[in-house]
Amino acid sequence: MFASSRFALRRRAVAAAGTAAALALTLAACGSSDDSSSMPGMDHGAKASAPSSHSASPSMSDMPGMDHMAADNGLSDNKDGYRLTPHDATMPSGKRAAYRFTVNGPDGKPVTDFAVDQTKRMHFYAIRSDLTGFQHIHPVMAADGTWTADLTSLAPGSWRMFASFTPDTGTGKGKDFVLSRTVTVPGTPTKTPLPAGAGSAEVDGYTVTVKGEPMAGMAHPLTVTVSKDGEPVTDLQPYLDTYAHLTAFHEGDAAFAHLHPTTEVNGEQGGPDLSFHAELPTSGNWRLFLQFQTGGKLHTAALTLPVG
């Protein structure tokens with residue numbers, strides 16, 4: 001009898017809680033709907049948008065990938081107390097140069113303990129404002145926390161430098177960060193028009209084909225196929241703990257997106273088909289850079305992917 005009564009009481013408590021939750025949702029729905037900061041990621045937008053007329057629509061946070069819309073695009077130099085601090089605001093043009101920086105933690109001191117991600121403790125990317133000159137580097141850290149990224153020749157113009165890392169201690173332990181700063185390369189810049197959208201690209205005799213129709217703010221799969229002379233390539237070598245590394249940058253603001261591979265490394269040779277998990281936060285053209293390795297040589301293919 002005691003067990004039965006206790007069960008009845010618990011059931012009534014659950015029902016009461018459900019009623020209270022439903023009432024709270026009803027009151028929230030009746031409140032103001034024009035505060036964009038209540039939507040995950042919207043407080044980072046550059047312009048305020050008109051409120052939606054469809055108040056019954058599901059919130060953006062219920063849609064896969066929408067909570068990452070702006071927070072993880074890498075366009076800020078600080079997040080959660082972590083700050084990218086470069087040594088220089090300009091870089092020389094036409095020659096190799098070293099870009100030095102630290103990642104300062106919430107205490108203001110350089111972070112020196114980083115977790116390994118895809119075999120490296122730091123992934124560094126350089127891209128010019130017109131999405132040319134892509135470089136993916138794995139810099140070296142000194143004992144004081146200063147990282148040095150050795151860059152090849154930079155063309156005049158505005159460049160954005162991205163640092164992708166995961167602290168292994170402190171309040172950000174285990175959390176992925178992508179921070180960036182712009183750098184000016186002196187000289188007269190020549191803008192290169194972004195190539196039109198295409199499903200394939202050629203590099204070093206290889207053909208890279210991308211299949212998939214990603215939608216902005218939603219998770220979608222992408223399949224990449226590598227071929228040569230019309231034949232499938234099956235001798236892709238492991239590179240950064242995968243058979244291919246895929247990075248994307250958005251036309252106009254150079255927002256960053258790392259498309260995570262879902263094809264597991266199984267042996268010393270892979271291909272021709274590779275799968276990726278794509279979450280591209282905004283619509284427009286994205287410039288994709290696919291890096292893969294054969295015969296000990298690294299190849300980088302680039303193509304433009306329109307996203308609706």
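All values reported here derive from a predicted model rather than from experimental measurement.

**Side note on the pattern of salt bridges**
Working step 1: Tallied over the entire structure, the rule returns four salt bridges.
Working step 2: Of the charged contacts in the structure, one is a salt bridge between lysine 175 and aspartate 80, with a shortest N-O distance of 2.2 Å. With a gap of 95 residues between them, lysine 175 in the loop between strand 8 (157–165) and strand 9 (177–185) and aspartate 80 in the loop between strand 1 (78–79) and strand 2 (82–86) connect regions that are remote in the sequence.
Working step 3: Among the salt bridges present, the one from arginine 128 reaches aspartate 130, with a minimum N-O distance of 2.5 Å. Each member of the pair arginine 128 and aspartate 130 is classed as buried.
Working step 4: Look at the salt bridges and you will find they share partners, linking Asp77, Arg83 and Arg181 into a network.

**Brief notes about the sheet that holds strand 6 (residues 140–141)**
For sheets, the rule is that strands pair by backbone hydrogen bonds, running either parallel or antiparallel.
Working step 1: Taking strand neighbours across the sheet as the criterion, the five strands line up as 1-2-3-7-6 in an open arrangement whose pairing is antiparallel. Pairing within the sheet leaves two strands with one partner each, and these edge strands are strand 1 and strand 6.
Working step 2: Bridge analysis of strand 1 against strand 2 gives two bridges, and the strand direction is antiparallel. Bridge assignment links lysine 79 to a residue of strand 2, and that residue is tyrosine 82.

**With respect to the packing of aromatic side chains**
Working step 1: Applying the stated criterion across every chain yields a total of 16 aromatic pairs.
Working step 2: Ring geometry for tyrosine 99 against phenylalanine 124: centres 5.4 Å apart, planes inclined by 40 degrees, an arrangement best described as tilted. Here phenylalanine 124 lies in strand 4 (residues 123–128) and tyrosine 99 lies in strand 3 (residues 97–104), a separation of 25 residues in the sequence. For the residue pair tyrosine 99 and phenylalanine 124, the accessibility class agrees, reading buried in each case.
Working step 3: When the centroid spacing of 5.5 Å and the interplanar angle of 20 degrees are considered together, the rings of phenylalanine 101 and phenylalanine 124 count as stacked. One end of the pair, phenylalanine 101, is in strand 3; the other, phenylalanine 124, is in strand 4, and 23 residues separate them in sequence.
Working step 4: Owing to a relative accessible area of 0%, phenylalanine 101 belongs among the buried residues under this scheme.
Working step 5: What makes phenylalanine 124 buried here is its relative accessible area of 0%.
Working step 6: The structure contains a cluster of three or more aromatic residues connected by ring pairs, namely Tyr125, Phe134, Phe162, Phe249, Phe256 and Phe289.
Working step 7: Lying across the ring of tyrosine 206, lysine 228 places its NZ or CZ 4.6 Å from the centre.

**Structural notes on the confidence of the model for the protein chain**
Working step 1: In this model, the protein chain carries an average pLDDT of 82, and 77% of its residues clear a pLDDT of 70 or more.
Working step 2: Taken as a whole, residues 1–71 scores under 50 in pLDDT and shows 28 contacts with residues more than four places along the chain or in a different chain.

**Some points on the environment of proline 110**
Working step 1: Of note, proline 110 is situated in the loop between strand 3 and strand 4.
Working step 2: Along the chain, proline 110 and threonine 146 lie 36 residues apart, while their C-alpha atoms are 7.7 Å from each other.
Working step 3: Ignoring any residue separated from it by four or fewer positions in sequence, one finds proline 110 in contact with Thr102, Val103, Asn104, Asp144 and Gly145.

**Looking at the sheet that holds strand 8**
Working step 1: Spatially, four strands are ordered 5-4-8-9 in an open sheet, and the strand pairing comes out antiparallel. Looking at strand neighbours, the two that pair on one side only are strand 5 (135–137) and strand 9, the edges of this open sheet. Taking the axes of each pair of neighbouring strands and ignoring which way they run, one obtains an average angle of 20 degrees across the sheet.
Working step 2: Pairing of strand 4 with strand 8, which is carried by six bridges, proceeds in the antiparallel orientation. When the sheet's bridge partners are listed, alanine 126 is paired in strand 8 with methionine 161.

What counts, and at which threshold
- Residues numbered from 1 in each chain as written.
- Predicted model: local features only at pLDDT ≥ 70, side-chain atom pairs only at ≥ 80, totals over all residues.
- Heavy atoms only, no water.
- Salt bridge = Lys/Arg side-chain N within 4 Å of Asp/Glu carboxyl O.
- Helix = DSSP H or I, 4+ residues; strand = E, 2+ residues; numbered from the N terminus.
- Buried < 20%, exposed > 50% of the residue type's maximum accessible area, 1.4 Å probe, protein only.
- Pairing = 2+ DSSP bridges.
- Phe/Tyr/Trp six-rings, centres within 6.5 Å; stacked < 30°, edge-to-face > 60°.
- Lys NZ or Arg CZ within 6 Å of the ring centre and 35° of its normal.
- pLDDT = per-residue confidence, 0-100.
- Contact = heavy atoms within 4.5 Å.
- Axes fitted to C-alpha atoms, helices over the stretch in contact; angles between N-to-C directions.

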